[in-house]
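The residues making up each chain are set out below.
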Amino acid sequence: MTTRTDRQSPTLHASDSHDLIRVHGARVNNLKDVSVEIPKRRLTVFTGVSGSGKSSLVFSTIAAESQRMINETYSTFVQGFMPTLARPEVDVLEGLTTAITVDQQRMGADPRSTVGTATDANAMLRILFSRLGKPHIGPPSAYSFNTASVRASGGITVERGAAKTRTVKATFNRTGGMCTRCEGRGSVSDIDLTQLYDDSKSLAEGAFTIPGWKSDSQWTVQVYAQSGFVDPDKPIRAYTKKELQAFLYGEPVKVKVNGVNLTYEGLIPKIQKSFLSKDKEAMQPHIRAFVERAVTFTTCPECDGTRLSEGARSSKIGRISIADACAMEIRNLAEWVRGLDEPSVAPLLTALQQTLDSFEEIGLGYLSLDRPAGTLSGGEAQRVKMVRHLGSSLTDITYVFDEPTIGLHPHDIQRMNNLLLRLRDKGNTVLVVEHKPETIAIADHIVDLGPGAGSEGGTVCFEGTVEGLRAGDTVTGRHFDDRATLKESVRKPTGALEIRGASAHNLRDVDVDIPLGVLTVVTGVAGSGKSSLVHGSVPAGENVVSVDQSPIKGSRRSNPATYTGLLDPIRKAFAKANGVKPALFSANSEGACPTCNGAGVIFTDLGMMAETSTTCEDCEGKRFDSSVLEYHLGGRDISEVLAMSVAEAEEFFGAGEARTPAAHRVLGHLADVGLGYLRLGQPLTTLSGGERQRLKLATHMTEKGGVYVLDEPTAGLHLADVRQLLGLLDRLVDSGKSVIVVEHHQAVMAHADWIIDLGPGAGHDGGRIVFEGTPADLVADGSTLTGEHLAAYVGA
């Protein structure tokens, strides 16, 4: 018989020995045979400069292999419908548990995606209104702005065996809540015709004001002039009603112009296809400026921006419709739901209450469920993704976070730290990639990668505790306790940018003068109205260069050279030196290796299994046809140039036979933002979040603007890189630019010439200017949350 004493024996059970995640020989991206042992059920923070290999180890190795192994537990039939994942390049991975990744990827910018639809909140609200709403208008779909009402009837043929067929009359009816005018978008677009043409002129006189449309030679213009539908010599304002209809909205039809068969269609659909269907970020600056001038978005007059049909808006619980509920701040909506007492839907109310309370818990109570998902910052999007995990009963899960403090005011970082510790204390393994010392300080275990970035990183420099990191001689350890000091003297403004009556989102008729010719930092807690003030109120124009947090677009064929436009002057320099066409020096055009089509690798689709890639044997991964590689510039072929780092290329194109001022200028900007180690041909898909942010900043620095607007430029930056960023901001201001920065990092605040602090809280509690002045004045004032934290940071 087993005694109670026997059952409590201290002997270690075999299953208790699996308390480590072991990684041996990881070689993903720039990792150099990395081997680490990560304790389970602890909070481990991964540190290191941007590009040192943190995400490659945590996301591309540990989390990716966990996801792949989970997928393999499904049947081959189910796997055929799932994304195929390749095994990471690593020798041994042991002790993995189910991994849930919460990354910084911005939520989809689809106009029908909102905070409510991205979580379970909208679905539960729709069920609630379909049960309790008066008058009753139908099932939950009747309250969905993504569901259109459909009615149909007719005969359907039913086949039963070889000879038995009969026709049955059927009626189909589905009630949806979509507004028919705006199709659930909440806004309607309108094209400003005055931006397309000058109606006092005829087509022959050059009436079109669309970029690239010239009346004398442009084929598109000739189609309109010679179509026969309009008189090319008559001013557009003199067109008859029939002519104007054909000119603006004519259906596609074949016409003959100068003996060539072409397609004629109305100007409005032509503009929509030619300009509005394309990604605005990928457009050339002058085309993007035209689109922003020509297209106006106005609130839908039918649904007043609620996206919902009249029926959905008429059904109410008490005096609240589902549109009213979604427009409330989530913290107020939680109070309203808490006040509902209906036993028939008690489980639904409990679940909805928990979800809404989770928003408040992670500091997003100021959002509303109808907030478009695409307008959330990277930090807000990441925290919204956390909502579904906070109340989970699952334990022994590995949670993987990518800089969860991005977009958080110092006041909110402690709240995020508490959430991370709570997840750990439930018995989960929490892995965090982070730069903020406040979060690194709470770690049970630290893995520091480096010592540098790119090819200079990829090794483990330190493993251990926070105290060990502080005492260690690594870049992170040396800069861990760095503190910027307040400026002794600040620059004098050369003018002011006047903003009057700003009321976007939660702003309350804000009047403020933003000084020009200095470094201005706009601060305040998340949701206080900073981005609304800067991006919504600073007039966009040719003199304003705005660098926001939107992700950069790019496939595995895109690289820093193509994204920044650097490849254009390089191709022209090669073409001029060798007397051939520039297109030959593009791996996406005529110069591509015919075997791999310029990809450098051959991809083989294996159905349900991961796609395999092998280096192209013909070009040996160089991507170019062998004949192209015979052309040289400064003794190097195009593949050797693309294999250079930015620093090497800056020296190469700066002097001698290869001297190319246009290329040297772009390379200088890349070096200025700390990307001197990047290879010109490195795929964009391998860059870290911080590297992408700085690449975007370098690209915009080539634009000629007098005012630079930057949205959290320290996102993804290591403590050591922040100092370099401050130097870059100083150089911009000293060159005569005005720099406006939306920022939470205290080092940037301390370095500012002028601070505008919004608050005092978030959402309805924010939207006001609570302080204007120098950083020293803000510290001395001490009446705002920002002032308190800045004073603590500088040791005042």
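Our subject is the structure that appears above.
In this text, all values refer to a predicted model and were calculated from it rather than measured experimentally.

## Quick word on the sheet that holds strand β26 (residues 754-759)
Spatially, β21-β24-β25-β20-β26-β27 is the arrangement adopted by the six strands of the open sheet, whose pairing is mixed. The open sheet is flanked by β21 (544-547) and β27 (768-773), the only strands paired with a single partner. Recorded for the sheet is a direction-independent mean angle of 15 degrees between the axes of neighbouring strands. Sheet analysis places strand β20 (residues 519-523) next to strand β25 (residues 738-742), joined by four bridges and oriented parallel. Counted as the bridge partner of Val-521 is Val-741 from β25.

## Focus: the pattern of salt bridges
Under the definition given, this model contains 29 salt bridges. In this structure, Asp-33 engages Arg-27 in a salt bridge whose closest nitrogen and oxygen atoms are separated by 3.1 Å. Judged by relative accessible area, which is 47%, Asp-33 ranks as partly exposed. By relative accessible area, which is 27% here, Arg-27 ends up partly exposed. Here Arg-68 ties to Glu-72 by a salt bridge, and the two come within 2.7 Å at their closest N and O atoms. One network of salt bridges, in which partners are shared, links Lys-487, Arg-491, Asp-730, Asp-734 and Asp-753.

## Some points on the nonpolar core
Formed by 69 residues in total, the largest nonpolar core has its most connected members in Ile-570, Ile-638, Phe-653, Leu-680 and Val-739. Per element, the largest residue contribution to this core is seven residues, and it comes from helix α26 (residues 719-734). Filtering out sequence-adjacent residues up to four positions away, Ile-570 remains in contact with Ile-638, Val-641, Phe-653, Ala-663 and Leu-680. Counting 67 residues, the second-largest nonpolar core is a separate cluster that includes Trp-336, Leu-348, Ile-397 and Tyr-399.

## Concerning the pairing of strand β6 (residues 150-160)
Burial analysis of β6 places just zero of its eleven residues in the buried class, a small minority of the element. Both β6 and strand β7 (residues 164-174) contribute to a ladder of eleven bridges, which runs antiparallel. Residue pairing across strands places Val-158 opposite Arg-166, the latter belonging to β7.

## Digging into the side chain of Asn-506
With respect to the element layout, Asn-506 can be found in the loop between β18 (495-502) and β19 (510-516). Here the side chain of Asn-506 touches Gly-527 through a polar contact of 3.2 Å, landing on its backbone oxygen. Those residues in contact with Asn-506 that sit more than four places away from it in its chain are Gly-527, Ser-528, Gly-529, Ser-532, Gly-763, Gly-766 and Gly-767.

## Some words on the packing of aromatic side chains
For any pair of aromatic rings, the description rests on two quantities: the centre-to-centre distance and the angle between the ring planes. Applying the stated criterion across every chain yields a total of 13 aromatic pairs. Centre to centre, the rings of Phe-129 and Trp-336 are 6.2 Å apart; their planes meet at 20 degrees, and the pair counts as stacked. Highlighted residues: Phe-129 in helix α5 (residues 121-132) and Trp-336 in helix α12 (residues 330-338), separated in sequence by 207 residues. Here the two residues Phe-129 and Trp-336 agree in accessibility, since each one is buried. Ring geometry for Tyr-399 and Phe-401: centres 6.4 Å apart, planes at 20 degrees, overall stacked. Residues Tyr-399 and Phe-401 agree in their burial class; the two are buried. A connected cluster of aromatic rings, assembled from ring pairs, spans Tyr-197, Phe-208, Tyr-224, Phe-229, Tyr-239, Phe-247 and Tyr-264. Directly above the ring of Phe-145 sits Arg-307, whose terminal nitrogen or CZ lies 5.1 Å from the centroid.

## Considering helix α15 (residues 410-425)
Residues separated by three or four positions in an α-helix point in the same direction, a consequence of the helix having 3.6 residues per turn. In a regular helix each residue adds 1.5 Å, so 16 residues correspond to 22 Å; α15 covers 23 Å between its end C-alpha atoms and thus fits that length. Pro-410, Asp-412, Ile-413, Met-416, Asn-417, Leu-419, Leu-420, Leu-421, Leu-423 and Arg-424 are the residues of α15 that are buried. Note on α15: the residue one or two positions beyond its end, Gly-427, has a positive phi of about 100 degrees.

## Section: the side chain of Glu-434
Along the chain, the position of Glu-434 falls in the loop between β15 (429-433) and α16 (437-440). No salt bridge forms around the buried Glu-434; measuring N to O, its nearest opposite-charge neighbour Lys-436 is 5.7 Å away. At 3.0 Å, the side chain of Glu-434 forms a polar contact with the side chain of Thr-405. If sequence neighbours within four positions are ignored, Glu-434 has contacts with Val-45, Phe-46, Thr-47, Glu-403, Pro-404, Thr-405, Thr-439 and Ile-440.

Scoring rules and cut-offs
Numbers given to residues run from 1 along each chain, matching the order in which its sequence is written. For this predicted model, a pLDDT threshold of at least 70 governs which residues receive local features, and a threshold of 80 or more governs which side-chain atom pairs are given and counted, while totals over whole chains, interfaces and linings are taken from all residues. Computation of side-chain values covers all heavy atoms of the structure but excludes hydrogens and water. Any two strands are treated as partners once DSSP identifies two or more bridges connecting them. The secondary structure listing takes helices from DSSP runs of H or I that are at least 4 residues long and strands from runs of E that are at least 2 residues long, numbered from the N terminus. Lines are fitted to the C-alpha atoms to define the axes, a helix being fitted only along its stretch in contact, and any angle between axes, read from their N-to-C directions, falls within 0 to 180 degrees. Any carboxyl oxygen of Asp or Glu that lies within 4 Å of a side-chain nitrogen of Lys or Arg is treated as forming a salt bridge with it. Residue exposure (1.4 Å probe, protein chains only): buried if accessible area is under 20% of the type maximum, exposed if over 50%, otherwise partly exposed. What makes a nonpolar core is a set of buried Ala, Val, Leu, Ile, Met, Phe, Trp, Tyr and Cys residues whose side-chain atoms join them at distances within 4.5 Å. Throughout, a residue-residue contact means that at least one pair of heavy atoms, one from each residue, lies within 4.5 Å. The definition of a polar contact used here is a pair of N or O atoms within 3.5 Å, where within protein one atom must be able to donate a hydrogen and the other to accept one, and adjacent residues in sequence count solely through side-chain atom pairs. For Phe, Tyr and Trp, rings pair up if their centres lie within 6.5 Å, where Trp contributes its six-membered ring, and each pair is then called stacked (planes under 30 degrees apart), edge-to-face (over 60) or tilted (otherwise). Comment: the charge-over-ring label is applied if NZ (Lys) or CZ (Arg) is within 6 Å of the ring centre and within 35 degrees of the ring normal. The span you would expect from a helix comes to 1.5 Å times its residue count less one. The charge count includes Lys and Arg as positive and Asp and Glu as negative, but it does not include His or the ends of the chains.

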